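Observations on the model geometry
Spelled out from the first residue to the last, the chains are:
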Amino acid sequence: MKTIFMIIDDDEDDKFFFKEATEAMNTSCECLEASDGVDALKQLRKIEILPNFIFLDVNMPRMDGRECLTELKKDEKLKNIPVIMYSTSFSKESIEEFRILGSSHYLYKPTDMNKLPEQISLAIKKSMLAS
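Residues numbered from 1 in each chain as written. Predicted model: local features only at pLDDT ≥ 70, side-chain atom pairs only at ≥ 80, totals over all residues. Heavy atoms only, no water.

A look at the overall build of the protein chain
So the rule is basically this: Only runs of H or I of at least four residues qualify as helices and only runs of E of at least two qualify as strands under DSSP, and these elements are numbered from the N terminus. Each radius of gyration is computed over the set of C-alpha atoms, and the globule rule expresses the reference value as 2.2 Å times the number of residues to the power 0.38. Accessible area is worked out with a 1.4 Å probe on protein chains only. A residue is then buried under 20% of its type maximum, exposed over 50%, and partly exposed in between. Whether two residues are in contact is decided by their heavy atoms: any pair within 4.5 Å suffices. We get accessible surface area from the Shrake-Rupley algorithm with a probe of 1.4 Å; when it comes to residues, only the shown protein chains can shield them. Two residue types count as positive, namely Lys and Arg, and two as negative, namely Asp and Glu; His and chain ends fall outside the count. Note that the charge is assigned to NZ on lysines, CZ on arginines, CG on aspartates and CD on glutamates.
A tally of helices and strands in the protein chain yields five helices and five strands. For the protein chain, the N- to C-terminal ordering of α and β elements is β-α-β-α-β-α-β-α-β-α. Taken over the C-alpha trace, the protein chain has a radius of gyration of 13 Å; the compact-globule value for 131 residues is 14 Å, and the two agree within 12%. Overall size of the protein chain, expressed as C-alpha extent along the three principal axes, is 35 × 35 × 30 Å. Expressed as a percentage of its 131 residues, the buried residues of the protein chain come to 44%. Long-range pairs, those at least 24 residues apart, make up 65% of the contacts in the protein chain with a sequence separation of at least 6. When the accessible surface of the protein chain is totalled, it reaches about 7,300 Å², and 51% of it is carbon and sulfur. For the protein chain, the separation between the mean place of its 18 positive charges and that of its 24 negative charges on side chains is 5 Å.

Side note on the side chain of S87
Structurally, S87 can be placed in strand β4 (residues 83–87). Sequence-distant contacts of S87, that is, excluding residues within four places in its chain, are made with D57, V58, N59, L107, Y108 and K109.

Overview of the pairing of strand β3 (residues 53–57)
When a strand is regular, its side chains alternate between the sheet's two faces. So the rule is basically this: Here the rule is simple: two strands pair whenever DSSP picks up at least two bridges between them.
Burial of β3 is extensive: five of the five residues sit out of reach of the surface. Of the two faces of β3, the one holding F53, F55 and D57 and the one holding I54 and L56 are both buried throughout. Relative to β3, strand β1 (residues 3–8) is paired through four bridges, and the arrangement is parallel. Bridge pairing in β3 places F5 opposite F53. Sheet analysis places β3 next to β4, joined by four bridges and oriented parallel. Paired with I54 across the bridge in β4 is V83.

Remarks on the pairing of β4
Stated formally: For crossovers, right-handed means that the path from the first strand over the helix to the second runs clockwise, given strands pointing away from the viewer.
Of all five residues making up β4, five are buried, and the element is well covered by its neighbours. With burial as the criterion, each face of β4 is covered, one bearing V83, M85 and S87 and the other bearing I84 and Y86. In the classification by handedness, the crossover that spans β3, the intervening helix α3 (residues 65–74) and the parallel β4 is right-handed. Summarising the sheet, β4 and strand β5 (residues 105–108) pair through four bridges and their orientation is parallel.

As for the sheet that holds strand β2 (residues 29–34)
Put simply, the rule is: The convention used is that axes are lines fitted to C-alpha atoms, helices contributing only their stretch in contact, and that angles between N-to-C directions extend from 0 to 180 degrees.
Taken together, the five strands give an open sheet; going across it, the order is β2-β1-β3-β4-β5, and neighbouring strands pair in parallel fashion. Pairing within the sheet leaves two strands with one partner each, and these edge strands are β2 and β5. Direction aside, neighbouring strands of the sheet carry axes that sit 25 degrees apart on average. Both β1 and β2 contribute to a ladder of six bridges, which runs parallel. Within β2, the residue paired with I8 across the bridge is A34.

Interpretation in functional terms is not warranted from these geometric data alone.
Below, the structure written as structure tokens:
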């Protein structure tokens, strides 16, 4: 079975590294990309096969991660997709806020991209335990 990821991030390099990491994890996966929350919601509302997991950057223009998470969880079609917040920094308060808004876990953007596949796998496992 193919695993479909979606990375929502305004940073082209971060999207590139994320996509590379998912390909390194598993040959039977696909990675969708969106540049911000507005772009992501537009894509997700049109596609037939939804992603298994969404990785959502916190700081983006137009619609940030908080707003996008809120919209995802309001949408009947999208609300059950596990959302993992993805950022360079989190506070205890922001982690708790994202959990209350409906995220299933969080993942720090790594400084060592070689560790990203393992970190994505771990975040997915923790996300599934949380649901």
